[in-house]
Amino acid sequence: MSENSRPSGVPEYGPHQVNPEWPPPPAHTPAAPAHRRQRGPAKLLVAVAIVAAAVGGTTAYGVQELTGGTSAGVTASSAAGTDVVPASLKGTVAGVAKAVSPSIVEIKAASSSGSATGSGVIVTEDGEVVTNNHVVAGASQIQVRTNDGKSYSARVVGTDSSKDLALIKLEDASALKAATLGDSDGVRVGDQVVAIGSPEGLTGTVTSGIVSALDRDVTVSTDESQGQQQQRGGGWPFEFGGQEFNGDTGGSTTTYKAIQTDASLNPGNSGGALIDMNGDIIGINSAMYAPSGAESSTAGSVGLGFAIPVNTLKADLPDLRAGAGG
């Protein structure tokens, strides 16, 4: 550009200077392309830095942010669960039900004391299933039905009555859909949740609600024979807030911190899944209040259910797999 074509008073700028008042040089001049080439790599480096920070910290959070999803309650320990629910159904009860129902089973356990019907969560493709100890305690025969209607015989691998947890193994099972275990430490009061189980033998029943409270002290019986008898009678006995529900818990009990939910739970939901809206298991349903002596028109769930936090299960799984009993 000649000296005559530049307005008087406008200074001359070098290739690395910016003049906010003077229009940029024409595209054929070398100055503008050089300036664009410098800015491009800088943006790329910033993007790489963001992704690297996500990988070094909470991977699931980075993935959710980049895809526009929600990161609430998701940590690296449950990163695989971020794509459990199809993208088109993300955050919906229908999406959670479609994604997780194949991982929930119905359990029927028989013993000399009676029989029990409960639910369970598949944790491995070859048939490891987690349930409540009170569902299978003392069982001499266990039958499991999966969401697709197939039936399997099962055996008890390990039990932990102090946490009301048990691990059973389906015989000759393969290619099952294992559930994704989430992080119950990230659960908050008010979070929406879904419960899936087999109340009253109705396999694959889906209900929804919210997390009503956290860290509730729930006391359940560890008496095997009493557990089987109470299951037949309509509800697992437990104590909460100094009161006994669904029958006498007896003299042998255990207490744990539970997630409270108003998702509808009924006898048979025990051992089933409490699930967040990402499709991750956050708890194992274990106790529910049902009014005693109520007429048929008022009987059933009243929105007071409890679940064992999934982090308790994850910590206990190695012992259960090792054949722990008691």
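These numbers were taken from a predicted model, which means no experiment stands behind them.

J.: Teacher, can you tell me more about the pattern of salt bridges here?
T.: Close approach of charged atoms allows side chains with opposite charge to pair. Applying the stated criterion to the full structure yields five salt bridges. Arg188 is paired through a salt bridge with Asp191; the nearest N and O atoms lie 3.5 Å apart. You can call Arg188 partly exposed: its relative accessible area is 46%. Close ionic contact of Lys257 with Asp217 constitutes a salt bridge, the shortest N to O distance being 2.9 Å. Of this pair, Lys257 sits in strand β11 (residues 253-261) while Asp217 sits in strand β8 (residues 205-221), and the two are 40 residues apart along the sequence. Of the residues examined, Asp217 reaches a relative accessible area of 42% and is grouped as partly exposed.

J.: Is there a simple way to explain the sheet that holds strand β5 (residues 151-160) in this structure?
T.: Hydrogen bonding along the main chain pairs the strands of a sheet, whether they run parallel or antiparallel. Sheet architecture is closed into a barrel: six strands sit in the order β1-β2-β3-β6-β5-β4, paired in antiparallel fashion. Between one strand axis and the next, the sheet turns through 40° on average, direction left out of account. By the bridge criterion, four bridges tie strand β3 (residues 128-131) to strand β6 (residues 165-170) in an arrangement that is antiparallel. Opposite Glu128, over in β6, you have Lys169 as the bridge partner. Across the sheet, helix α6 (residues 310-321) lies against β3, β5 and β6, angled at about 55° from β6, the strand it touches most.

J.: Explain the environment of Asp148 to me, please; I cannot follow it from the model alone.
T.: Turning to its location among the elements, Asp148 is positioned in the loop between β4 (141-145) and β5. Classification of Asp148 by relative accessible area gives exposed; the value is 56%. Each C-alpha atom of the pair Asp148 and Val105 lies 9.4 Å from the other, and the pair is 43 residues apart in sequence. Within the structure, Asp148 has its side chain in polar contact with the side chain of Thr146 (distance 2.5 Å).

About the criteria used
Residues numbered from 1 in each chain as written. Predicted model: local features only at pLDDT ≥ 70, side-chain atom pairs only at ≥ 80, totals over all residues. Heavy atoms only, no water. Salt bridge = Lys/Arg side-chain N within 4 Å of Asp/Glu carboxyl O. Buried < 20%, exposed > 50% of the residue type's maximum accessible area, 1.4 Å probe, protein only. Helix = DSSP H or I, 4+ residues; strand = E, 2+ residues; numbered from the N terminus. Pairing = 2+ DSSP bridges. Axes fitted to C-alpha atoms, helices over the stretch in contact; angles between N-to-C directions. Contact = heavy atoms within 4.5 Å. Polar contact = N/O pair within 3.5 Å; in protein donor to acceptor, adjacent residues only side chain to side chain.

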